[in-house]
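Here is how the chains run, residue by residue.
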Amino acid sequence: MENLRLSIEKSEGMSFGCLVDQRDRLVASSFGANSPLVERHLVEYSTKTILKSFTRTNHWLAKEMIIRFEGAKDPKNVNLNRAFVSTHQAKVCDVLEKIPAGKVTTYGLISDHIGSAPRAVGGAVVRIHGQSSFHATA
């Protein structure tokens, strides 16, 4: 069984956490003002959703989340482990990866592009970005 690595970094009252596989691919991430909730989300995702254990570590990807959150102009490339996403989520992820840094789009435009409903795209984004940038609140 592959062991995942859990890393959490704090910056200006926010906590940024990620689960990373042995090949440095992002499995899940979370961020928010409530550090215990961010960690709990990732621990539960690791143990319940993908049935894998984890070790705590410091990983560059948690720091990269902070840099991106602060509006980095030249972020590092992040590889997503797609083993835990559905076919629909993979289609949404393909579109999200094509959005240039600093640009935005809507769920409606994404749904038009892949032939889906905006709510389905929103749900996929939450699940993917439970893999890439889930926002945990109190």
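Quantities reported herein were computed from a predicted structural model and do not represent experimental measurements.

**Q** Would you take a moment to explain unusual backbone geometry for this structure?
**A** The phi angle of most residues is negative, glycine excepted, and most peptide bonds adopt the trans form. Positive phi is not limited to glycine here, since E12 has a value of about 45°. Turning to its location among the elements, E12 is positioned in the loop between β1 (4–11) and β2 (14–20). Take E12: its relative accessible area is 74%, and that puts it in the exposed class. We note that D24 has phi near 60°; this positive angle belongs to a residue other than glycine. Note on placement: D24 falls in the loop between β2 and β3 (26–32).

**Q** Any chance you could explain the packing of aromatic side chains here in plain terms?
**A** Each aromatic ring pair is characterised by the separation of its centres together with the angle its planes make. Evaluated as defined, the whole model comprises 3 aromatic pairs. Measuring from ring centre to ring centre gives 5.8 Å for F16 and F31, while their planes differ by 10°; the resulting arrangement is stacked. Here F31 lies in strand β3 and F16 lies in strand β2, a separation of 15 residues in the sequence. Classification of F16 by relative accessible area gives buried; the value is 2%.

**Q** I'm lost on the side chain of Q89 in this one. Help?
**A** For Q89, the position within the fold is in helix α3 (residues 87–97). The class for Q89 is buried, based on a relative accessible area of 10%.

**Q** What's the story with the environment of R25 in this structure? I'm lost.
**A** In this structure, R25 sits in the loop between β2 and β3. By relative accessible area, which is 21% here, R25 ends up partly exposed.

**Q** Whenever I open this one, the nonpolar core confuses me. Can you help?
**A** Membership of the largest hydrophobic core is limited to 12 residues, which are M14, F16, C18, V20, L26, F31, L61, A62, M65, I66, L80 and C93. At the level of elements, β2, β3 and α2 (60–69) are the ones that each hand at least two residues to this core. Other than its neighbours up to four places away in sequence, V20 contacts L4, R5, R25, V27, H59 and L61. L19, A28, L42 and I50 belong to the second-largest nonpolar core, a separate cluster that totals 8 residues.

**Q** Could you clarify how one ought to interpret the pattern of salt bridges in this entry?
**A** Side chains that differ in charge, positive against negative, can pair when their charged atoms come close. Enumeration according to the criterion identifies 8 salt bridges in this entry. Here the salt bridges share partners, and the residues they tie into one network are R82, D94 and E97.

**Q** Please explain helix α4 (residues 107–114) as it appears in this structure.
**A** Side chains three or four residues apart in an α-helix point the same way, a direct result of the helix having 3.6 residues per turn. Taken residue by residue, α4 has I110, S111 and I114 as its buried positions. The buried residues of α4 all sit within an arc of 100° when viewed along its axis, so they share a single face. Exposed residues pointing more than 90 degrees away from the buried face of α4 are listed as L109, D112 and H113. Backbone geometry just downstream of α4 places G115 in the positive-phi region, at approximately 70°.

**Q** Please explain the side chain of S7 as it appears in this structure.
**A** If you trace the backbone, S7 turns up in strand β1. Classification of S7 by relative accessible area gives buried; the value is 1%. Here the side chain of S7 touches T57 through a polar contact of 3.3 Å, landing on its backbone oxygen. The residues contacting S7, other than those within four sequence positions of it, are F16, G17, C18, T57, N58, H59 and A62.

So, how was this worked out
- Residues numbered from 1 in each chain as written.
- Predicted model: local features only at pLDDT ≥ 70, side-chain atom pairs only at ≥ 80, totals over all residues.
- Heavy atoms only, no water.
- Helix = DSSP H or I, 4+ residues; strand = E, 2+ residues; numbered from the N terminus.
- Buried < 20%, exposed > 50% of the residue type's maximum accessible area, 1.4 Å probe, protein only.
- Phe/Tyr/Trp six-rings, centres within 6.5 Å; stacked < 30°, edge-to-face > 60°.
- Core = buried A, V, L, I, M, F, W, Y, C linked by side-chain atoms within 4.5 Å.
- Contact = heavy atoms within 4.5 Å.
- Salt bridge = Lys/Arg side-chain N within 4 Å of Asp/Glu carboxyl O.
- Arc of directions from axis to C-beta.
- Polar contact = N/O pair within 3.5 Å; in protein donor to acceptor, adjacent residues only side chain to side chain.

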